[in-house]
Amino acid sequence: MYTDEIKEMEKYADEKNIPIMQKKGLSFLCKFIEKNNIKKILEIGTAIGYSAINMALVSENINIVSIERDQEKYIEAIKNIKKCKLEKRITLILGDALNIDLKDKYDLIFIDAAKGQYINFFNKYKDNLVEDGFIVSDNIDFHGYVENIDEIKNKNLRQLVTKIRKYIDFLKSNEEYDTKFYKVGDGLAITYKKGVLDE
Ligand code: SAH
Ligand code: MG
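Residues numbered from 1 in each chain as written. Chains lettered and ligands numbered in written order. Predicted model: local features only at pLDDT ≥ 70, side-chain atom pairs only at ≥ 80, totals over all residues. Heavy atoms only, no water.

Enquirer: Please give an account of the side chain of Glu43 that cites residues and values.
Expert: Tracing the backbone through its elements, the reader meets Glu43 in strand 1 (residues 40–44). The buried charged residue Glu43 lacks any salt bridge partner; its closest oppositely charged side chain belongs to Lys115, at an N-O distance of 10 Å. One polar contact links Glu43 to Ser51, side chain to side chain, over a distance of 2.5 Å. Glu43 has contacts with Ser51, Ala52, Met55, Val65, Ser66, Ile67 and Phe110, leaving out every residue within four places of it along the chain. (Helix = DSSP H or I, 4+ residues; strand = E, 2+ residues; numbered from the N terminus. Buried < 20%, exposed > 50% of the residue type's maximum accessible area, 1.4 Å probe, protein only. Lys, Arg positive; Asp, Glu negative; His and termini not counted. Salt bridge = Lys/Arg side-chain N within 4 Å of Asp/Glu carboxyl O. Polar contact = N/O pair within 3.5 Å; in protein donor to acceptor, adjacent residues only side chain to side chain. Contact = heavy atoms within 4.5 Å.)

Enquirer: Tell me about the pattern of salt bridges, and please be specific about residues and values.
Expert: Enumeration according to the criterion identifies 11 salt bridges in this entry. Among the ionic pairs, Lys40 bridges to Asp104, the shortest N-O distance being 3.2 Å. Taken together, the positions of Lys40 in strand 1 and Asp104 in the loop between strand 3 (90–94) and strand 4 (106–111) put the pair 64 residues apart, joining distant regions of the chain. Look at Lys40 and you get partly exposed, because its relative accessible area is 29%. The class for Asp104 is partly exposed, based on a relative accessible area of 40%. Where Asp101 meets Lys124, a salt bridge forms, and the shortest distance between an N and an O atom there is 2.8 Å. Residue Asp101 is located in the loop between strand 3 and strand 4, and its partner Lys124 is located in helix 5 (residues 118–125); the two are separated by 23 residues in the primary sequence. Lys124 gets classed as partly exposed once you look at its relative accessible area, which sits at 25%.

Enquirer: Account for the coordination of the magnesium ion (ligand 2), naming residues and giving values.
Expert: Around the magnesium ion (ligand 2), the protein supplies Asp112 (OD), Asp138 (OD) and Asn139 (OD1) as donor atoms, at distances of 2.1 Å. Site description for the magnesium ion (ligand 2): donor spacing in sequence, D-x25-D-N. Each member of the pair, Asp138 as well as Asn139, is classed as buried. (Donors = N, O, S within 2.8 Å, 3.2 Å for Na, K, Ca; no water.)

Enquirer: Describe the pairing of strand 3, with residues and values.
Expert: Pairing of strand 2 (residues 63–68) with strand 3 involves five bridges; the strand directions are parallel. Bridge pairing in strand 3 places Ile67 opposite Ile93. With respect to chirality, the unit in which strand 2 leads through helix 4 (residues 71–83) into the neighbouring parallel strand 3 is right-handed. (Pairing = 2+ DSSP bridges. Right-handed = clockwise from strand over helix to strand, strands pointing away.)

Here you go:
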């Protein structure tokens, strides 16, 4: 469905250097959404709508709210969502996710925005998750840099990767939540309240 539109988005992202999800990570996430019967999704970091559109196409029962702070990307996302006739099921919010307050609860929260802010996004939105919901975080491996931090010469990059490491430690040592890490795409983490996946 909408194969051409999706290919166009991949081309646009490639040309403009927009870090959309890698295909393997995306297909893993879509299967997870299908298997767990996820219906309400909150996405932090829309970019041009690529991941939101792909997630929405998993099932007609899925509704997504997605937040983007960059106006140009937000406008591009609106166009893409219209092309795929998903404007009834994907709602976009223009703004900084750290300044927005949402009341609704979601089955899945997908964090894919500024990598240095993941702990803040997590803490800000964890109460918007249903009791047995999931928080999925993208770019946990960050192009392999996270495991090879000593080799990074660029200072800004090293700082960013240090922050991703801190987020990983935050998840691993969290007393309320468990996390599984997947080496798929650019690395995904799936977090849920302790006990939720126990038999
Ligand atoms: N999820 C998208 C890719 C998102 S790229 C996909 O896979 O198709 C990350 C996006 O997060 C960028 O467009 C950036 O502008 C946005 N972003 C970064 N920090 C943000 C914040 N604090 N609030 C909202 N959006 C943010
Ligand atoms: Mg990403």
